[in-house]
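If you want the building blocks of each chain, they are given just below.
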Amino acid sequence: MRPQTVSPVLATLGEHNETYTDDQILNMFIAACHRSTYTIRNYRIAINKFRAFIGNKSLRDVTWREIEVYKLGLIQGFFSKNNSPQAPATVAVYIAPVRSLYKWGSDPNINIFTKNPTTSVRTPKVSVTSRNHYLTKNEVVCLIQQLKRQGLRNYMIGLTLVLLGLRVSELISIESGHFHSDPEESSMWLTVYGKGGKEREVKVPPLLWRLLEPYIQDLKQNEGQRDQRIFPITVRAVEKMIQKAREQWGVDKKVTPHWLRHTNATLALLRGASLQQVQESLGHTHINTTQRYLHTVQQIKKAAPDYVEDSLKDHI
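So, here is what we can say about the structure in this document.

What counts and how
Residues numbered from 1 in each chain as written. Predicted model: local features only at pLDDT ≥ 70, side-chain atom pairs only at ≥ 80, totals over all residues. Heavy atoms only, no water. 1 Å grid on protein atoms, 1.4 Å probe; cavity = no way out; pocket = protein on both sides within 12 Å on 5 of 7 lines; lining within 4 Å. Points joined across faces, edges and corners; volume = space filled by probe spheres on them. Helix = DSSP H or I, 4+ residues; strand = E, 2+ residues; numbered from the N terminus. Nonpolar A, V, L, I, M, F, W, Y, C, P; charged D, E, K, R; others polar. Expected span 1.5 Å × (residues − 1). Buried < 20%, exposed > 50% of the residue type's maximum accessible area, 1.4 Å probe, protein only. Polar contact = N/O pair within 3.5 Å; in protein donor to acceptor, adjacent residues only side chain to side chain. Contact = heavy atoms within 4.5 Å. Patch = residues over 30% accessible without salt bridge, like charges linked within 9 Å, V, L, I, M, F, W, Y side chains within 5 Å. Areas by Shrake-Rupley, 256 points an atom, 1.4 Å probe, with all protein chains shown as cover. Salt bridge = Lys/Arg side-chain N within 4 Å of Asp/Glu carboxyl O. Axes fitted to C-alpha atoms, helices over the stretch in contact; angles between N-to-C directions. Parallel < 35°, antiparallel > 145°, perpendicular 65-115°, else oblique. Pairing = 2+ DSSP bridges. Core = buried A, V, L, I, M, F, W, Y, C linked by side-chain atoms within 4.5 Å.

**Digging into empty space enclosed by the protein**
At step 1: If you walk through the whole model with that rule in mind, you get 1 cavity of 30 Å³ or more.
At step 2: By volume, the largest cavity is sized at about 30 Å³.
At step 3: Lining the largest cavity are E170, S173, I174, H178, T191, V192 and Y193.
At step 4: Top contributing element to the lining of the largest cavity by residue count: strand β2 (residues 188–193), with 3 residues.
At step 5: Split by residue class, the lining of the largest cavity holds 3 nonpolar, 3 polar and 1 charged.

**A closer look at helix α12 (residues 257–270)**
Residues lying three or four places apart along an α-helix face the same way, a consequence of the helix completing one turn every 3.6 residues.
At step 1: For α12, which comprises 14 residues, the first-to-last C-alpha distance of 21 Å matches the rise-based estimate of 20 Å (1.5 Å per residue) to within 8%.
At step 2: Counting buried positions over the 14 residues of α12 gives 10, a clear majority of the element.
At step 3: Those residues of α12 not exposed but buried are P257, W259, L260, R261, H262, T263, N264, A265, T266 and L269.
At step 4: Among the residues trailing α12, G272 stands out with phi positive, at a value near 110°.

**Notes on the side chain of E66**
At step 1: As for its placement among the helices and strands, E66 is situated in helix α5 (residues 64–76).
At step 2: Judged by its relative accessible area of 18%, E66 is buried.
At step 3: In this structure the side chain of E66 is engaged in a polar contact, spanning 2.6 Å, whose partner is the side chain of T63.
At step 4: Residues in contact with E66, not counting those within four places in the same chain, are F50, F53 and K57.

**Comments concerning the layout of surface pockets**
At step 1: The computed volume of the second largest pocket comes to approximately 490 Å³.
At step 2: Taken together, 17 residues form the lining of the second largest pocket, with L163, N264, A268, A273 and S281 sitting closest to its centre.
At step 3: Considering only residue class, the lining of the second largest pocket consists of 9 nonpolar, 4 polar and 4 charged.

**Re a nonpolar patch on the surface**
At step 1: Together, V308, L312 and I316 make up a nonpolar patch on the protein surface, roughly 320 Å² of accessible area in all.
At step 2: Within the fold, L312 resides in helix α15 (residues 304–312).

**Quick notes on the packing of helix α8 (residues 152–164) against α12**
At step 1: Running from amino to carboxyl end, α8 crosses α12 at an angle of 40°, the nearest separation of the two axes being 6 Å. If you check the angle between α8 and α12, you find them oblique. In contact with G158, L161, V162, L163 and L164 of α8, α12 contributes P257, L260, T263 and N264.
At step 2: Here the contact of α8 with α12 is composed, by residue class, of 6 nonpolar, 3 polar and no charged.

**Points about the side chain of T263**
At step 1: Mapping T263 onto the fold places it in helix α12.
At step 2: Looking at T263, the relative accessible area reads 1%, which means it is buried.
At step 3: Excluding residues within four positions of it along the chain, T263 makes contact with Y134, L135, V140 and V162.

**Observations regarding the sheet that holds strand β1 (residues 179–181)**
At step 1: The strand order across the open sheet built from 3 strands is β1-β2-β3, with neighbouring strands paired in antiparallel fashion. Where the open sheet ends on each side, the last strands, each with one partner, are β1 and β3 (199–204). Ignoring which end each strand starts from, the neighbouring axes of this sheet average 35° apart.
At step 2: Relative to β2, β1 is paired through 3 bridges, and the arrangement is antiparallel.

**Points about the nonpolar core**
At step 1: Within the largest apolar cluster, 41 residues are counted, with the highest numbers of intra-cluster contacts made by F179, L212 and I230.
At step 2: Looking at this core, the elements that each hand over two or more residues are α7 (137–150), α8, α9 (168–171), β2, β3, α10 (206–223), α11 (235–249) and α12.
At step 3: Discounting residues that sit within four places of it in the chain, L212 has contacts with M156, T160, F179, I230 and F231.
At step 4: Core analysis: the next-biggest nonpolar cluster, separate from the first, contains 28 residues, I25, I30, L74 and V121 among them.

**Some details on the pairing of β3**
At step 1: Every second residue of β3 is oriented toward a common face, the buried set being R200, V202 and V204 and the non-buried set E199, E201 and K203.
At step 2: For β2 and β3, the ladder comprises 6 bridges, and the chain directions are antiparallel. Opposite V192, over in β3, you have R200 as the bridge partner.

Spelled out as structure tokens, the structure:
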């Protein structure tokens, strides 16, 4: 994470950096991060977890040794509730905000930290485990039907996740004013505010807009607000919603809301969408992230055994 250009007030930190407490340093770092409320909350939690580990030691006095010991403790599960080893992805989630804090504070224009103690720290390699985390067409229909039984709002949340491929944090940030038509008024688009404050435009399929439009109009009339969140719930609430639908459905797959994002990408590529189209729709910074779905798509379309069968089927 790379915070954007700091304000003139923050730019003068180098002149007074010795007077700031760790709490003030953390608050200034958070203020310099243009991130979603959900991300900011996680950054604060992760950094305070590290501060609890170093105890009375100031953030300025931390060396690479403390960070390495902290990383090892995370890996071995010393800081978890049940003392169970943490997965590489979990370790990375806790280390990344600390790394960002020191990268920001050691910038010459900030100069709170004389050195960045995280430069030599390597986080564990995170393997790609989401390769098969997608639903088939029939499975999507079954899940959506269960959500529909829960109510109209939950039904639209499920459809929005799978049709637009949004992250849950992006979904719950949608406001009525984020929807707009194209210049010819032939289609509807949604301005999505994604990771790092990056904006992207995602086309809203007519099927989804026919449901969303009256729902949004009802919200406006009931609340009397022009711009408002159309799904004013938490990430956890969406997760529980999908979990309940999964249990009612009785499927063995441990489906999460993010599976619907993977499903969106997989189905789009299977039906002929280009990598660039999927990359732009999902908001991937790097095309390599989108290319991960190609492996799944290629396996589904035709695998090596299919070619062998084709060559032998007339003779066996």
